[in-house]
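Commentary on secondary and tertiary structure
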Amino acid sequence: MTHQHEPHDADAFHEVLRSLPVWDTELPAFAPDTAPGEPLPLFRRWFVEAAAAGQPEPHTMSLATVDEDGRPDVRTLMLHDADERGWHFASHATSAKGRQLAARPEAALGFYWPAQGRQIRLRGRVVPGTPKEAYDDLHARSTGALAAALVGRQSEVLADYGDLVRASEAAWERAAAEPDAAAGTWTVYVLDPAEVEFFQGDARRRHVRLRYRREGDGWVRELLWP
C-alpha cells in the first residue's frame, strides 16, 4: 500500500524550516592570528568553552567513513579523548564502521557547537589502539556502557526487537556481576589528523575559517574564504 502524504505536511515542513533562526545568540570573536601553532590546544580550548557556554553534549561528533563500494557513511558517536596521538573514539571492530576502517583506514570527524556558532572538521588516518587500551576504555565508563558492549552484534540485522531486549537484560546482569568482563571486539580508534579546520560563525556571514594542514613534522596555518 502506498502512503499518500497530505500537501499541508510539506507546507508545514517548509514553513518551519524557513523560520528557524541560526545562531540566535551573541557569537564570540575569534582572531586567527592569535591561534596556537598546532590544532590540539585550540581544540581543547574551544571544547571547554563550548561546555561552559551550555552546549549540550559537546563530546558528540560525526564520524564519516567509506564502505567497500566507495560510498560515504556517517554516524554520530562520542569523543573519548584528544591528545598528541589524535582524536579517540571506540566501537566494535565487527561493526559497519569497524569493517570500513579496517578496509580503508581514513576518516573524517565533525563537531558542531551552535551555542557559539563553531564547528571543527578533521580528516586523517585512523589506527586501532591496543587490546589493553580498549579494555581500559570500556571499564572507565558506566555499567550501561559495558552492558551495551557485551551485547555486541552492532550493525547486524535484528529480526525482532524482543531479541535485543533479552540480550540486553542478560548483558546488564553480567555487567553487574562481572564488572571486569571483557568485550573481545571492543576497539579504541585514534584519528591522526592531516587537516583540522576551525570555523567561527559571524552574524554578518564573515565567517572565520582557519585550517591547519600537516606539512612534514609541523603544521601550516591558512585562512579559507567562507
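Residues numbered from 1 in each chain as written. Predicted model: local features only at pLDDT ≥ 70, side-chain atom pairs only at ≥ 80, totals over all residues. Heavy atoms only, no water.

Examining the pairing of strand S6 (residues 118-128)
Where strand S5 (residues 106-113) meets S6, 8 bridges bridge the pair, whose relative direction is antiparallel. Pairing of phenylalanine 111 across the sheet is with isoleucine 120, part of S6. Once S5 ends, the chain turns through 4 residues before running back antiparallel as S6, passing glycine 117 with a positive phi of about 65°. Where S6 lies against strand S7 (residues 186-200), 11 bridges are found, and the strand directions are antiparallel. (Pairing = 2+ DSSP bridges. Helix = DSSP H or I, 4+ residues; strand = E, 2+ residues; numbered from the N terminus.)

Some words on the nonpolar core
Counting 29 residues, the largest nonpolar core has Phe43, Trp87, Phe111 and Ile120 as its most contacted members. Those residues in contact with phenylalanine 111 that sit more than four places away from it in its chain are Phe43, Pro58, Thr60, Met61, Leu79, Trp87, Arg118, Gln119, Ile120 and Leu122. Listed in part, the 13 residues of the second largest apolar core include Leu150, Ala171, Ala175 and Trp186. (Core = buried A, V, L, I, M, F, W, Y, C linked by side-chain atoms within 4.5 Å. Buried < 20%, exposed > 50% of the residue type's maximum accessible area, 1.4 Å probe, protein only. Contact = heavy atoms within 4.5 Å.)

A short note on the pairing of strand S2 (residues 72-78)
As paired elements, strand S1 (residues 60-66) and S2 share 7 bridges and run antiparallel to each other. Bridge pairing in S2 links methionine 61 to leucine 77. Counting the residues in the hairpin turn of S1 and S2 gives 5 residues, including glycine 70, whose phi is positive at 80°.

Observations concerning the layout of surface pockets
Estimates place the volume of the largest pocket at around 350 Å³. In this structure, the largest pocket is lined by 17 residues; those nearest its centre are Ala90, His92, Ala148, Gln154 and Trp186. Elements that contribute at least two residues to the lining of the largest pocket include exactly S2, strand S4 (86-92) and helix H5 (143-151). Element by element, the count of residues in the lining of the largest pocket is highest for H5, at 4 residues. Its residues placed into classes, the lining of the largest pocket shows 8 nonpolar, 7 polar and 2 charged. Computed from the structure, the second largest pocket encloses a volume of approximately 250 Å³. Around the second largest pocket, the lining residues are Val151, Gly152, Arg153, Gln154, Ser155, Glu156, Val157, Leu158, Ala159, Asp163, Leu164 and Ala167. (1 Å grid on protein atoms, 1.4 Å probe; cavity = no way out; pocket = protein on both sides within 12 Å on 5 of 7 lines; lining within 4 Å. Points joined across faces, edges and corners; volume = space filled by probe spheres on them. Nonpolar A, V, L, I, M, F, W, Y, C, P; charged D, E, K, R; others polar.)

A short note on a nonpolar patch on the surface
A grouping of Leu158, Tyr161, Leu164 and Val165 is seen on the molecular surface, where their side chains present a nonpolar patch of about 370 Å² in accessible area. Structurally, the position occupied by tyrosine 161 is in helix H6 (residues 161-177). (Patch = residues over 30% accessible without salt bridge, like charges linked within 9 Å, V, L, I, M, F, W, Y side chains within 5 Å. Areas by Shrake-Rupley, 256 points an atom, 1.4 Å probe, with all protein chains shown as cover. Salt bridge = Lys/Arg side-chain N within 4 Å of Asp/Glu carboxyl O.)

Thoughts on the pattern of salt bridges
A side chain with one charge can pair with a side chain of the opposite charge if their charged atoms come near. Applying the stated rule across the entire model yields 17 salt bridges. Residues glutamate 195 and arginine 123 are paired through a salt bridge, measuring 3.2 Å at the closest nitrogen-oxygen approach. Here the residue glutamate 195 occupies a position in strand S7, and arginine 123 occupies one in strand S6, the gap between them amounting to 72 residues. The exposure class assigned to glutamate 195 is partly exposed, which follows from its relative accessible area of 21%. Accessibility expressed as a relative area gives 48% for arginine 123, which makes it partly exposed.

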